[in-house]
Amino acid sequence: MKKIIAFATLLLMIFTLVGCKSAAKITENDVIARIDDKYIEESSVTFVNIGKMTNQIHHPAEYHVVIEYDGRQYDFDNESVYNSYEIGNEIKVIKEIKEYSDGSYTTTIKLK
């Protein structure tokens, strides 16, 4: 029985440690993107019955800003950006490129 548990533990360790790719290099650049769309998802309340009681779950408003850069759209929930910019305005963002040890890479943008 101990051998089976030891073998199962060894297999679990091998599968968790093998195949993970790590970011070898992360590059960040300041770039200009464009506000493509913006919209609000209003706050709401959901009522949930728990036995004989009714509980309220409050969902806050979400201020979505859709930013387009390099043909891709990115959706951010940020009230200050929503209030500061209009559709069509340009905004400075940070372009992050993660290069992995296997040669692949991912590109994302972040708000400043």
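In this report, we go over the structure that sits alongside the text. Position numbers for residues start from 1 in each chain and track the written sequence from start to end. Restriction of local features to residues with pLDDT of at least 70 applies here, the model being predicted, together with a cutoff of 80 or more for giving and counting side-chain atom pairs; totals for whole chains, interfaces and linings are based on all residues. Values reported for side chains reflect all heavy atoms of the structure, with hydrogen atoms and water molecules removed beforehand.

The next subject is the environment of Val81. Working definition: helices are DSSP H or I runs of at least four residues, strands are E runs of at least two. Numbering for both runs from the N terminus. The residue Val81 is located in helix 2 (residues 79-84) in this model. Expressed as a C-alpha distance, the spacing of Val81 and Asp102, which sit 21 residues apart in the sequence, is 36 Å.

A cluster of acidic residues, Asp37, Glu41, Asp75, Asp77 and Glu79, forms a negative patch on the protein surface. Elements supplying a minimum of two residues to the negative patch: strand 1 (23-41) and strand 5 (72-77). Within the fold, Asp75 resides in strand 5. We classify Asp75 as partly exposed; its relative accessible area is 43%. The patches described consist of residues with a relative accessible area above 30% and no salt bridge, like charges being joined within 9 Å and nonpolar side chains (Val, Leu, Ile, Met, Phe, Trp, Tyr) within 5 Å. Surface accessibility follows the Shrake-Rupley procedure with a 1.4 Å probe radius. Residue values consider only the protein chains on display as shielding. The term salt bridge refers to a pairing of a side-chain nitrogen on Lys or Arg with a carboxyl oxygen on Asp or Glu at a separation within 4 Å. Under the convention used here, Asp and Glu are negative, Lys and Arg are positive, and both His and the chain ends fall outside the count. To locate a charge, take NZ of a lysine, CZ of an arginine, CG of an aspartate or CD of a glutamate. Buried, partly exposed and exposed residues are distinguished by accessible area as a fraction of the type maximum, computed with a 1.4 Å probe on protein chains only: under 20%, between the cut-offs, and over 50%, respectively.

So, about the pairing of strand 2 (residues 44-50). Each regular strand shows side chains that alternate between the opposite faces of the sheet. Pairing between strands requires that DSSP locate at least two bridges from one strand to the other. In terms of strand pairing, strand 2 meets strand 3 (residues 53-59) through 7 bridges, oriented antiparallel. Bridge pairing in strand 3 links Phe47 to Gln56. Where strand 2 hands over to strand 3, the hairpin turn is made up of 2 residues, of which Gly51 adopts a positive phi near 65°.

This part covers the pattern of salt bridges. For the coordinates displayed, the defined rule picks out 6 salt bridges. Where Lys110 meets Glu96, a salt bridge forms, and the shortest distance between an N and an O atom there is 3.3 Å. Taken together, the positions of Lys110 in strand 7 (residues 105-111) and Glu96 in strand 6 (residues 90-100) put the pair 14 residues apart, joining distant regions of the chain. Judged by relative accessible area, which is 11%, Glu96 ranks as buried.

The criterion is simple. A nonpolar core is a set of buried Ala, Val, Leu, Ile, Met, Phe, Trp, Tyr and Cys residues joined through side-chain atoms within 4.5 Å. If you look at the biggest cluster of nonpolar residues, it comprises 14 residues, and the most contacted ones within it are Ala33, Val65, Ile67, Tyr69, Ile91, Val93 and Ile109. Listed by contribution, the elements that provide at least two residues to this core are strand 1, strand 4 (62-69), strand 5, helix 2 and strand 6. For this core, the leading source of residues is strand 4, giving 4 residues. Whether two residues are in contact is decided by their heavy atoms: any pair within 4.5 Å suffices. Once you skip the residues sitting within four places of it in the chain, Val65 turns out to touch Ile35, Asp37, Lys38, Tyr74, Asp75, Phe76, Asn78, Val81 and Tyr82.

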